[in-house]
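Here is what each chain is made of, one letter per residue.
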Amino acid sequence: MKRRLDLVMPGTMLATIEPGKQAGPGAGMPFSVAPGKGGMARAQEVSATRSVAFDMLRGVLARRRTLDREMTSHNGYRRLPARDRAFARLIVSTVLRRTGQIDAVLDAFLERPLPRSGAAVQDILRLATAEMLFLGVGAHASVDSAVSLTTSRGLERFSGLVNAVLRRVAREGGAALARIPETRNLPDWLLASWIDRFGTEDAEPAGAPFLAIPPLDISVGTDAERWARELDATVLPTGTLRRKFGGAVSDLPGYADGAWWVQDAAAALPVRLFGDLDGRSALDLCAAPGGKTAQLVAAGATVTAVDRAQSRLDRLRRNLARLGMKARTLVADGTTWRTGRLFDCVLVDAPCLATGTIRRNPDSLHNRHPGQLEGLIALQDALLDAAGELVRPGGRIVYCTCSLQSEEGEDRIEALLGRAPGLRRVPVSAGEIGGLDAAVTGAGDMQTMPFHLAGHGGIDGFFAARLEREV
């Protein structure tokens, strides 16, 4: 699936809490429940927050929906106060990132496996365990809220078990967690594929950054140093601005004025491979939500943006309108859409397993599997073939995926070059991507890894290759 977080929608709240820090009810943090005046009403609000978090977690794990979809479609979530929405999202995201470790802790304290009918109970236990072990929420608040949630969902017969297990988690969970490797959170197939591709030495470090709450990365059209000061951000070696999460994105300086957009540092690199775009015609074949489209426009290109989903293209149009940018937009299937003109530059940001963006989309750990590869590969090949027909002689194609799977990266380029002799690979240099020498592959493509720029908080995993059509 194509990543959807290049741009954050107005009003999105971003949590400030990191694993190990106190958070939640009674902890004195943004989501705390203070005793005293109004305490009962506030406790009811927090109960609603956990109830919404439970619904969203069930939506991802039981119904295989994306967390993004749950947040946009759940009426209860949208009605919560902004800080409570942020807390609900934080709890669910933590469970999705840490399910392997959480389940291993719970297994140690369950005398027997839960029955099939107890799947919902397992999710209640997961939420409370995540609060206590990773978010620092007080045991009393977490345990009592979990028991109340169990009863409110018609699962009263499990309330005693929930109480007993979570009290053991509160007492002994930290020691149990210390014995469980973080790679336990990665699906076996994914870890095995990384070991096969990168070797054990790089495979395990690749997985570790996915467990951290990601920073907020920002792309600006001009004057990065000025906006770094305005936003209390750091300018990364790649040129992206980075700041800690905190508050509503739409409340930050420059957002309403369209001065910048949210985009991971790695996602901002592929467009750079086109070189000078001023006055050139550019086609974005899989354009929504529009982060790379915005880059193309900001660089001076005349852009045609194509996406096959009306709702996604509508989102792109809203984002471009906020930024004060213009592009020709079309709802069409990029694999079959053709026009009477050819373009100087064609960008293919292809749908993929998105294994490079798990830290921003932790639901990918649960709703992606290798059985999806065959269909995605066919789609990626069809998009590359279309790009080859739509680029002018001497023009360039940049193909990219937010994936760490070789099947979706260099394998697709080798297959394309084997069937399209009129195209050639143009190797990437480290200077074009912020000096990231380690991200340049032996074949001359770009493959960022989550542990690249580790001193700055890491980046997403992204593959990109540059091709040129012979004159």
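Conventions and cut-offs
Each chain carries its own residue numbering, running from 1 in the written order of its sequence. Residues qualify for local features only when their pLDDT is at least 70, as the model is predicted, and side-chain atom pairs are given and counted only at 80 or more; totals for whole chains, interfaces and linings, by contrast, use all residues. Hydrogen atoms and water are omitted, and side-chain values are computed over all heavy atoms in the structure. Strands are runs of DSSP state E lasting at least 2 residues, helices are runs of H or I lasting at least 4, and numbering of each runs from the N terminus. The cut-offs for exposure are 20% and 50% of the maximum accessible area for each residue type, with area from a 1.4 Å probe on protein chains only; residues under the lower value are buried, those over the upper are exposed, and the others partly exposed. With residues, only the protein chains shown are counted as cover, and all accessible areas are computed by Shrake-Rupley using a 1.4 Å probe. Take a side-chain nitrogen of Lys or Arg and a carboxyl oxygen of Asp or Glu: if they are within 4 Å of each other, that pair is a salt bridge.

## Some thoughts on the overall build of the protein chain
- Looking only at helices and strands, one finds 15 helices and 14 strands in the protein chain.
- Residues classed as buried in the protein chain amount to 58% of the 471 residues present.
- Of the roughly 18,600 Å² of accessible surface on the protein chain, a fraction of 50% belongs to carbon and sulfur atoms.

## Comments concerning unusual backbone geometry
- Look at the link from alanine 288 to proline 289: it is a cis peptide, with omega at 5°.
- In this structure, proline 289 sits in the loop between strand S7 (281–284) and helix H11 (291–298).
- Backbone geometry places arginine 64, a non-glycine residue, at a positive phi of 60°.
- One can find arginine 64 in the loop between helix H1 (39–61) and helix H2 (67–73).
- Note on arginine 64: relative accessible area 51%, which makes it exposed.
- With a phi angle near 55°, aspartate 232 is a residue other than glycine that sits in the positive phi range.
- With respect to the helices, strands and loops of the structure, aspartate 232 is situated in the loop between helix H10 (224–230) and strand S3 (234–235).

## Thoughts on the pattern of salt bridges
- Enumeration according to the criterion identifies 29 salt bridges in this entry.
- Note that arginine 359 and aspartate 264 form a salt bridge whose closest N and O atoms lie 2.8 Å from each other. Within this pair, whereas arginine 359 is found in the loop between strand S10 (343–349) and helix H13 (364–367), its partner aspartate 264 is found in the loop between strand S6 (260–262) and S7, the two being separated by 95 residues in sequence.
- Overall, the relative accessible area of 2% leaves arginine 359 in the buried class.
- For aspartate 264, a relative accessible area of 1% puts it in the buried group.

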